[in-house]
Amino acid sequence: MATISNGDHVILRKQDSVKLFQIQAHRTIQIEKHKFVIDGAIGHPYGTTFEVKNGQLVKAVKVPTPNGEGSVIEARSDNRSLRDVGDAQKLSMEEIEELQRKGLAGGEIVEQIVQNSSTFKAKTEYSQQKYLKKKNQKYVAHFTVLKPTARLLAEAFYARGPLKILNLRIDSLAQILTTANVRAHSRLMVVDSCQGLVVGAVLERLAGHGAVVQLHHEDAPSRQAVVAYDFPKAFTDILHCYPLCMVGELKRRETISEEVTADVTACKKAAVGENTISQEGDSTVPNGGKQNHDSSNDVPSATTAEGPIDIPVDPSIDIPVDPSTDIPVDPSTEIVVGHPTETLAKHSTEMTEVGQSSTALLESTSTKQKHNDSDENARAARRLAKRKELEKSRALLEDGRMDGLIVATKNHPTNIVMKLTEFLLPSRNLAVFCPYQEPLVDCFTKLRDRGGIVNLNLTETWYRKYQVLPNRTHPEMNMTGTGGYLLTGTIVERGDVPS
């Protein structure tokens with residue numbers, strides 16, 4: 001059985017709420033009003049239930065039932081004699097807080113509250129269970145540590161912010177995976193604007209067998225949910241990325257072969273034409289192919305194979321000369337040309353001072369240069385790895401043997417879908433999710449008019465939870481407004497589609 005380790009991502013469930021955290025030593029987290037250090041979970045198996053005592057996670061000995069079942073005592077048939085006037089509880093809020101400060105467990109506090117309630121025994125069985133559930137939720141800090149899965153992460157990300165994942169509910173995610181026929185050994189294209197939630201669910205199903213190309217809008221793909229899975233390396237090795245801005249450059253392998261063949265044929269024809277022209281236009285140059293030049297008009301070079309030659313000097317140029325030595329002088333610096341010994345002696349003092357001040361600067365500069373070189377090498381390595389990744393993704397797409405297309409993007413999906421369906425094999429499925437209906441209607445129309453796709457359906461996902469308890473099974477009062485819309489279809493050969 002897998003155990004919880006430092007650095008793992010885990011789901012903490014407290015009744016109906018789920019939250020995602022990373023296990024880190026000495027890390028303090030807060031859920032609702034409960035603040036505690038999460039170190040106590042390390043070393044325990046997943047699925048263990050803990051309770052909070054004195055700010056620490058301790059393995060729970062007795063786990064209360066979620067609906068308070070088993071704690072009902074002497075229930076009456078109805079609640080007609082009960083009146084909510086606020087004086088039924090004998091314990092004050094200060095006394096309850098004092099019990100918490102003494103380190104009393106949450107279950108013991110709930111028992112004290114029940115014993116000091118003058119109306120608890122007069123409630124019906126269902127009312128007693130609702131009362132216990134409410135008090136347990138407030139005072140009992142029990143958390144179950146679970147391993148992240150597609151369902152748990154979908155619930156956690158949806159609770160954190162539905163708009164960040166395009167209102168993608170767990171039922172919509174399940175329909176996407178089913179209609180796209182995601183299975184092991186599949187080669188899939190995924191456009192994901194849901195923080196990597198769809199990509200993570202696909203990788204979970206493939207289990208390291210197949211290939212996934214994630215096409216992204218930004219500079220880098222969004223993979224927050226993928227990181228939370230803590231996949232082994234074999235699972236993530238099949239994940240590749242490719243920017244959507246470069247999709248227009250992609251061509252299927254058959255198209256590339258046709259273009260290459262046409263280019264080769266054109267080059268051969270051009271080469272034959274050039275040979276014909278050169279044969280007709282050849283002329284004989286006298287003197288064995290060597291042309292005669294007037295040597296008097298040539299510009300002489302400084303050196304030849306025989307050695308140095310003299311370059312004529314313009315007599316109009318006035319070069320200053322030292323009167324004592326008759327040696328030319330550089331007019332810009334007044335340094336005698338041709339006396340290096342005298343020049344070095346004259347400037348030795350200045351050079352010594354400059355050398356001393358430059359030594360410290362060179363040392364610091366060399367240190368910075370080493371750091372800059374190492375950073376530049378690291379950047380070059382990253383650029384090379386990114387280039388190789390792009391080439392691998394490009395080869396997968398241009399091969400034209402993809403098994404499915406999943407699109408869940410914040411942008412208009414029509415152009416993306418119309419381009420990427422070219423790389424799908426026949427009898428493969430596509431699934432396009434959008435929180436709004438209008439973009440999918442436009443995509444539906446364009447796909448239908450183009451042809452090459454059957455079983456084209458546009459549906460709205462609908463989801464509602466039910467409370468399932470003895471004699472109390474009914475839908476929950478609250479539910480989400482919408483879970484988005486889903487466009488699905490199957491690719492076929494265009495020649496097989498009846499007109």
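Residues numbered from 1 in each chain as written. Predicted model: local features only at pLDDT ≥ 70, side-chain atom pairs only at ≥ 80, totals over all residues. Heavy atoms only, no water.

### Notes on the overall build of the chain
- Across its full length, the chain carries 12 helices and 20 strands.
- Looking at the chain residue by residue over its 499 residues, the buried ones come to 34%.
- Put simply, of all contacts in the chain between residues at least 6 apart along the chain, 68% involve residues at least 24 apart.
- Just so you have it, the chain exposes about 30700 Å², and 53% of that area is on carbon and sulfur atoms. (Helix = DSSP H or I, 4+ residues; strand = E, 2+ residues; numbered from the N terminus. Buried < 20%, exposed > 50% of the residue type's maximum accessible area, 1.4 Å probe, protein only. Contact = heavy atoms within 4.5 Å. Areas by Shrake-Rupley, 256 points an atom, 1.4 Å probe, with all protein chains shown as cover.)

### Topic: the pattern of salt bridges
- Under the counting rule described, the total for this entry stands at 17 salt bridges.
- A salt bridge links Asp-399 to Arg-187; its shortest N-O distance comes to 3.5 Å. One end of the pair, Asp-399, is in the loop between helix 10 (340–398) and strand 15 (402–408); the other, Arg-187, is in strand 8 (residues 186–192), with 212 residues separating them in the sequence.
- The buried category is assigned to Arg-187, whose relative accessible area is 18%.
- Here Glu-398 ties to Arg-394 by a salt bridge, and the two come within 3.2 Å at their closest N and O atoms. (Salt bridge = Lys/Arg side-chain N within 4 Å of Asp/Glu carboxyl O.)

### What to know about the environment of Ile-31
- Turning to its location among the elements, Ile-31 is positioned in strand 3 (residues 28–31).
- By relative accessible area, which is 2% here, Ile-31 ends up buried.
- On a C-alpha basis, the gap between Ile-31 and Ser-17 in space is 9.8 Å, while along the polypeptide they are 14 residues apart.
- What Ile-31 contacts, discounting residues up to four positions off in sequence, is Leu-12, Lys-19, Phe-21, Phe-36 and Phe-143.

### Quick word on the packing of aromatic side chains
- As enumerated under the stated definition, the model contains 4 aromatic pairs in all.
- Plain terms: the ring middles of Tyr-229 and Phe-231 are 4.6 Å apart, the flat faces sit at 10 degrees to each other, and that makes the pair stacked. For the pair Tyr-229 and Phe-231, a shared accessibility class is recorded, and that class is buried.
- Put simply, the rings of Tyr-229, Phe-231 and Phe-235 touch in pairs and so form one group of aromatic residues. (Phe/Tyr/Trp six-rings, centres within 6.5 Å; stacked < 30°, edge-to-face > 60°.)

### Looking at the packing of helix 1 (residues 93–101) against helix 2 (residues 106–115)
- Running from amino to carboxyl end, helix 1 crosses helix 2 at an angle of 155 degrees, the nearest separation of the two axes being 10 Å. Regarding the angle of helix 1 to helix 2, the classification is roughly antiparallel. Crossing of helix 1 over helix 2 shows right-handed handedness. Contacts between helix 1 and helix 2 involve Ile-96, Leu-99 and Gln-100 from the former and Ile-109, Gln-112 and Ile-113 from the latter.
- In the contact of helix 1 with helix 2, the residues fall into 4 nonpolar, 2 polar and no charged. (Axes fitted to C-alpha atoms, helices over the stretch in contact; angles between N-to-C directions. Parallel < 35°, antiparallel > 145°, perpendicular 65-115°, else oblique. Left-handed = near helix turned anticlockwise from the far one by under 90°. Nonpolar A, V, L, I, M, F, W, Y, C, P; charged D, E, K, R; others polar.)

### A look at the nonpolar core
- In terms of nonpolar packing, the biggest core is built from 42 residues, with Leu-197, Val-198 and Val-202 touching the most fellow members.
- Going through the elements one at a time, strand 2 (17–22), helix 4 (150–160), helix 5 (170–179), strand 8, helix 6 (197–206), helix 7 (224–229), strand 15 and strand 16 (424–434) are the ones with two or more residues in this core.
- Dropping the residues within four chain positions of it, Val-202 is found in contact with Leu-177, Val-182, Leu-188, Val-190, Val-212 and Ile-406.
- If you look at the next biggest cluster of nonpolar residues, it comprises 31 residues, including Tyr-242, Leu-396, Val-417 and Cys-434. (Core = buried A, V, L, I, M, F, W, Y, C linked by side-chain atoms within 4.5 Å.)

### Observations concerning the confidence of the model for the chain
- Per-residue confidence for the chain gives a mean pLDDT of 78; residues scoring 70 or more make up 71%.
- Considering only residues more than four positions removed or in separate chains, one finds that residues 277–314, a stretch of pLDDT under 50, has 12 contacts.
- Residue range residues 330–347 is modelled with pLDDT below 50. Its contacts to residues more than four positions away, or to other chains, number 17 contacts. (pLDDT = per-residue confidence, 0-100.)

### Quick notes on the packing of helix 5 against helix 6
- In contact at an axis separation of 11 Å, helix 5 and helix 6 are set at 50 degrees when each is read in the N-to-C sense. When the interaxial angle is binned, helix 5 and helix 6 end up oblique. Note that helix 5 runs across helix 6; the crossing there is right-handed. Between helix 5, through Leu-173, Leu-177 and Thr-178, and helix 6, the contact on the second element is made entirely by Val-198, Ala-201, Val-202 and Arg-205.
- Here the residues of the contact of helix 5 with helix 6 sort into 5 nonpolar, 1 polar and 1 charged.

### Here we look at the side chain of Ser-393
- With respect to the helices, strands and loops of the structure, Ser-393 is situated in helix 10.
- A polar atom in the side chain of Ser-393 sits 2.9 Å from the backbone oxygen of Cys-241. (Polar contact = N/O pair within 3.5 Å; in protein donor to acceptor, adjacent residues only side chain to side chain.)

### Digging into the environment of Leu-405
- Take Leu-405: it is sitting in strand 15.
- What makes Leu-405 buried here is its relative accessible area of 0%.
- When the C-alpha atoms of Leu-405 and Phe-423 are compared, they prove to be 9.3 Å apart, with 18 residues separating the residues in sequence.
- In contact with Leu-405, other than residues within four places in its own chain, are Met-189, Val-417, Leu-420, Thr-421, Leu-424, Asn-429, Leu-430 and Ala-431.

### Quick notes on the pairing of strand 16
- Examined bridge by bridge, strand 15 and strand 16 share 6 bridges and lie parallel to one another. In the strand pairing of strand 16, Met-402 is matched with Leu-424.
- With helix 11 (residues 414–420) bridging strand 15 and its parallel neighbour strand 16, the resulting β-α-β unit is right-handed.
- Direction of pairing for strand 16 relative to strand 20 (residues 485–491): antiparallel, over a ladder of 6 bridges. Of the residues in strand 20, the one forming a bridge with Asn-429 is Thr-490. (Pairing = 2+ DSSP bridges. Right-handed = clockwise from strand over helix to strand, strands pointing away.)

### Considerations on the state of the cysteines
- By the definition in use, this model includes 0 disulfides.
- Considering cysteine sulfurs only, Cys-434 is the nearest to Cys-443, which forms no disulfide, with 9.7 Å between them.
- According to the relative accessible area criterion, Cys-443 is buried, its value standing at 0%. (Disulfide = S-S within 2.5 Å.)

### Notes on unusual backbone geometry
- Phi is positive for Asp-230, close to 55 degrees, though the residue is something other than glycine.
- Among the structural elements, Asp-230 can be located in the loop between helix 7 and helix 8 (233–236).
- The exposure class of Asp-230 is partly exposed, given its relative accessible area of 30%.
- One non-glycine residue, Asn-471, adopts positive backbone phi at about 65 degrees.
- Tracing the backbone shows Asn-471 in the loop between strand 18 (466–467) and strand 19 (474–475).

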